[in-house]
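# Chain and residue survey
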Amino acid sequence: MGGSEADVDYQKLQFAYRHVDETPGHVHPVAVVGAGPVGLAAAIDLAQQGVPVVLLDNDDTLSTGSRAICFAKRTLEIFDRLGCGQRMVDKGVRWHVGKVFLRDEQVYTFDLLPETGHRRPAFINLQQYYVEGYLAERAAEFDNIDIRWKNEVVGVEQHADRATLSIKTPDGPYTLDARYVVAADGPRSAMRKALGQESHGRTFKDRFLIADVKMKAPFPAERWFWFDPPFHPNQSVLLHRQPDDVWRIDFQLGWDADPVVEKDPARVIARIQALLGKDVEFELEWVSVYTFSCLRMDSFRHGRVLFAGDSAHGVSPFGARGANSGIQDADNLTWKLKLVLDGTAPDALLDSYASEREYAADENILNSTRSTDFITPKSPVSRIFRDATLKLARTCPFARRLVNSGRLAVPAVLRDSALNTPDVAGDTFDTRVVPGAPSPDAPIKSQGRDAWFLDRISGNAFAGLYFCGKNEAARAAAQRLAAFEYPGVALDLLLVLEPGASLNDADLPEGIAAIEDTQGVLARRLDAKAQSFYLLRPDQHLCARWRAWNEAAAIAALERAIGKRRH
Amino acid sequence: MTLTTELNIADPDAFYERLIETHAGLADAQSLALNAKAVALLSSLIGDKKVLQEAAGIAADGSAMDNSPEYDAKLLLLLANHVGDIAQLVRALDQARAAVI
């Protein structure tokens, strides 16, 4: 690792096609279709839980062009869980400040992560080919991931207990049976077509030009967004820094722009020079003209096939909600697949994947649609309000909150999920971290060493957190907790000690460990008091909490979270 | 009372979306009339001369009294934020729309 990483040109990597012979009658537990970021993440997450995966890709290369570049805090935390977060963060450009300009004047600036006590930054910018490259290298570390390049799925047949995929290869066609199929094959999903499904939504009549340029520029690592700048009148422009001195410049072109003409390098260079001035030297890295839609499939589950990422939903790029939500799809799905394949949870648990992620997709689509409508007004009056808002934003704080240059990706709070256990009457919590929310991070000590909370609970297990009071006999609490177990479900039980307290794990019953909430941040973020107990899912979403330990209630909540109990 | 310029609307993005939706299908002239009507309705709802003057001053942005469409839009946004309550705002917007179609 280290210095050699920069030498890999992930855009030029070519993966070898291998001939495979399927054993007749063999049914794979899971086939993942599409080795993009979402398919790779799903494969790694399944493999690290011991589920063998066949990963099929119609091509033999990674992403061409930088494409998705903004990876959000929650996504990085998931990459941490997958064992490749640090590489991403080391290579990526951290940023948390955004600036908004109207014409040539800065209207306001915002900070996405104003508080400390989080391991990961609000965002990093990293070209999609690095993200895919690092994920592919991580996937290669698993013996139970069978990546098959140049394996194009051309048909799917559903059965009661499995799906049969028809696959085209350079050696001719073959079929493959899998109990479940994760369709992560992108916006033009062949799986979706093969099942006769389509996505529904709104296509926006606008064109945008992405120009990635390599240059030494004096701009800071911030997100700069211009409305109607003098160098590109009447349209918007977005500037973002990527690693390797590459800068993303995104020009709104309008619907009438000719996508072929606009890709002409001379024309692109003229647009960039209008922004940078004629003296700045740069090279064009990647140019793309695109349109976009906000849409989704009606259902993310069709029998044995589960759709994830762009195959299931699409958004405008404003807000970085595409790739980020796709990674969260994988995060939501894989622990459920594992429990269902093990026979621990009923097949119906997978319905909750669909409903939870459809809810998240709707939230992303709503945010992304609103941003797009603000950025590209659809009527004269809409334009008047936008400009009025921007002008007011110079002096009025409320107007800054109305300015919408993209509501940047935050994970969905799965508030209404059937997997959550509602708070017991009388238990009140003063925190935004409600059941359904992803757990906040916090600095902790684990076995005497500084650590991060989310990293500590990244073992694909449910986590139970019991907050010990100052004078409480921690060992006695541990004895009570030790009774909490459930057949087939991995449970990570943690005693959370107050700042300054410590306890040797060797003194605790097996299966229970202690962590120190070194600055009290975890308790504050969860609004925990002495004896509060929290149950977190393997994807680190909170699913139940109580002010006092109650074993029967905890078991019932766990059963609900794995789909074995209904309301 | 003074004009509130801190955010006073619970869900600003939803409000903004509703504001733009209220104009759906209207001709440009109707839209401008709607804004003028909405400003009048919100002004009477607020009913405090000092607040209204302050808002008008910010909307005019230092220049003399302005009758531009953008002035009305700014004034509407300022008054709407001051009122804050989404139910009252939706009522005023719907009433203004009904008055121009």
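Residues numbered from 1 in each chain as written. Chains lettered and ligands numbered in written order. Predicted model: local features only at pLDDT ≥ 70, side-chain atom pairs only at ≥ 80, totals over all residues.

## Side note on the overall build of chain A
To keep things clear, this is the line we draw: Here a helix means four or more residues in a row that DSSP labels H or I, a strand means two or more in a row labelled E, and each is numbered from the N terminus. Taken over C-alpha atoms, the radius of gyration is set against a globule rule of 2.2 Å times the number of residues to the power 0.38. Each residue is classified by how many other C-beta atoms fall within 10 Å of its C-beta atom, where C-beta atoms are placed from the backbone; a count of 20 or more means buried, 12 or fewer means exposed, and values in between mean partly exposed.
For chain A, the helix and strand inventory stands at 15 helices and 28 strands. The globule rule puts the C-alpha radius of gyration for 567 residues at 24 Å, and the 25 Å found for chain A is close to it. Each principal axis of the C-alpha distribution contributes one length, and for chain A these read about 70 × 65 × 50 Å. Scored against the burial criterion, the 567 residues of chain A give a buried share of 49%.

## Here we look at the overall build of chain B
Defined as follows: Distance between backbone-placed C-beta atoms decides contact: two residues are in contact if it is within 7 Å.
Summing up its helical and strand segments, chain B has 5 helices and 0 strands in all. Seen in sequence order, chain B has helices and strands lined up from the N terminus as α-α-α-α-α. Relative to its length of 101 residues, chain B is compact, with a C-alpha radius of gyration of 13 Å against a globular reference of 13 Å. Of all 101 residues assigned to chain B, the portion counted as buried reaches 38%. Considering only contacts within chain B whose residues lie at least 6 apart along the sequence, 78% involve residues at least 24 apart.

## Side note on the interface of chain B and chain A
Heads up, the rule is: Residue polarity is assigned by list, with Asp, Glu, Lys and Arg as charged and Ala, Val, Leu, Ile, Met, Phe, Trp, Tyr, Cys and Pro as nonpolar; anything else, Gly included, falls into the polar class.
Of the residues lining the interface, 21 residues belong to chain B; the matching set on chain A comes to 21 residues. Elements that contribute at least two residues to the side of chain B that touches chain A include exactly α1 (12–22), α2 (28–46) and α4 (69–83) of chain B. For the side of chain B that touches chain A, the per-class residue count stands at 9 nonpolar, 5 polar and 7 charged.

## Some remarks on the sheet that holds strand β5 (residues 97–102) of chain A
Residues and elements named next belong to chain A. Just so we agree on the cut-off: In this scheme, strands are said to pair when DSSP sees at least two bridges between them. Lines fitted to the C-alpha atoms define the axes, with helices restricted to the stretch that makes contact. Angles between their N-to-C directions range from 0 to 180 degrees.
Across the sheet, 7 strands lie side by side as β6-β5-β14-β15-β16-β13-β17; this open sheet has mixed pairing. A strand with exactly one partner marks an edge of an open sheet, and here the two such strands are β6 (105–111) and β17 (283–290). Within the sheet, the average angular offset between the axes of one strand and its neighbour, ignoring direction, is 15 degrees. In this sheet, strand β16 (residues 246–252) lies alongside strand β15 (residues 236–242) in antiparallel orientation, the contact comprising 6 bridges.

## Details of the pairing of strand β26 (residues 512–516) of chain A
Residue and element names in this part refer to chain A. Most of β26 sits inside the fold, with 4 of its 5 residues counted as buried. Relative to β26, strand β25 (residues 491–497) runs parallel, the two being bridged by 5 bridges. Residue pairing in the sheet places Leu494 in a bridge with Ala513 of β26.

## Things to note about the confidence of the model for chain B
Condition: pLDDT is a per-residue confidence score from the predictor, ranging from 0 to 100.
With 95% of its residues at a pLDDT of at least 70, chain B reaches an overall mean of 95. Taken together, the chains of this predicted complex give a pTM of 0.95 and an interface ipTM of 0.98.

## Some remarks on the domain arrangement of chain A
Residue and element names in this part refer to chain A. As a reminder of what qualifies: An automatic or database domain assignment supplies the residue ranges for each domain.
You can read the domains of chain A as domain 1 (2–90 + 126–198 + 296–367), domain 2 (208–290) and domain 3 (443–561). Inter-centroid distance (C-alpha atoms) of domain 1 to domain 2 is 31 Å. Contacts between domain 1 and domain 2 engage 5 residues on the former and 8 residues on the latter. Here the residues of the side of domain 1 that touches domain 2 are counted per class, giving 2 nonpolar, 3 polar and no charged.

## Some thoughts on the nonpolar core
This is how it is decided: Think of a nonpolar core as buried Ala, Val, Leu, Ile, Met, Phe, Trp, Tyr and Cys residues, each tied to the set through C-beta atoms within 7 Å.
In this structure, Ala42, Ala43, Val182, Leu306, Ala308 and Leu495 of chain A are the most contacted members of the largest nonpolar core, which totals 130 residues. Excluding residues within four positions of it along the chain, Leu495 of chain A makes contact with Tyr466, Cys468, Ala474, Ala477, Ala478, Leu503, Ile512 and Ala514 of chain A. Counting residues in each nonpolar core, the second largest holds 58 residues, with Val237, Phe385 and Cys396 of chain A together with Leu52 of chain B among its members.

## Some details on the sheet that holds strand β7 (residues 123–125) of chain A
Residue and element names in this part refer to chain A. If you trace the 3 strands from one edge of the open sheet to the other, you get β3-β7-β4, paired in antiparallel fashion. Edge positions in the sheet fall to β3 (70–72) and β4 (93–95), since each of these pairs with one other strand and no more. Across the sheet, the mean angle separating the axes of adjacent strands is 30 degrees when strand polarity is ignored. As paired elements, β3 and β7 share 3 bridges and run antiparallel to each other. Residue pairing in the sheet places Phe71 in a bridge with Ile124 of β7. Along the sheet, helix α2 (residues 73–82) contacts β3 and β7; its crossing angle with β3, the most-contacted strand, is approximately 75 degrees.

## Description of the packing of α1 of chain B against helix α5 (residues 86–100) of chain B
Residues and elements named next belong to chain B. Our working rule: By definition in this entry, angles of less than 35 degrees are roughly parallel, angles greater than 145 are roughly antiparallel, angles of 65 to 115 are roughly perpendicular, and the rest are oblique.
For the pair α1 and α5, the least separation of the axes is 10 Å and the interaxial angle reads 10 degrees. In terms of orientation, α1 lies roughly parallel with respect to α5. Side by side, α1 and α5 meet where Phe15, Arg18, Leu19 and Thr22 of the first sit next to Ile86, Leu89, Val90, Leu93 and Arg97 of the second. Looking at the contact of α1 with α5, its residues break down into 6 nonpolar, 1 polar and 2 charged.

## What to know about unusual backbone geometry
Residues and elements named next belong to chain A. At Gln447, a residue that is not glycine, the phi angle is positive and equals roughly 50 degrees. As for its placement among the helices and strands, Gln447 is situated in the loop between β22 (443–446) and β23 (449–452). Backbone geometry at Asp527 places phi at a positive 50 degrees, although glycine is not the residue there. Along the chain, the position of Asp527 falls in the loop between α14 (521–526) and β27 (533–536).

## Describing the environment of Phe462 of chain A
All names here are of chain A. Within the secondary structure, Phe462 sits in strand β24 (residues 462–467). Residue Phe462 is classed as buried on the basis of its C-beta count, with 23 C-beta atoms lying within 10 Å. Note: C-alpha distance between Phe462 and Pro438 (24 residues apart in sequence) is 13 Å. Sequence-distant contacts of Phe462, defined by excluding residues within four places in its chain, comprise Val489, Ala490, Leu491, Asp492, Leu535, Leu536, Arg537, Pro538 and Leu558.

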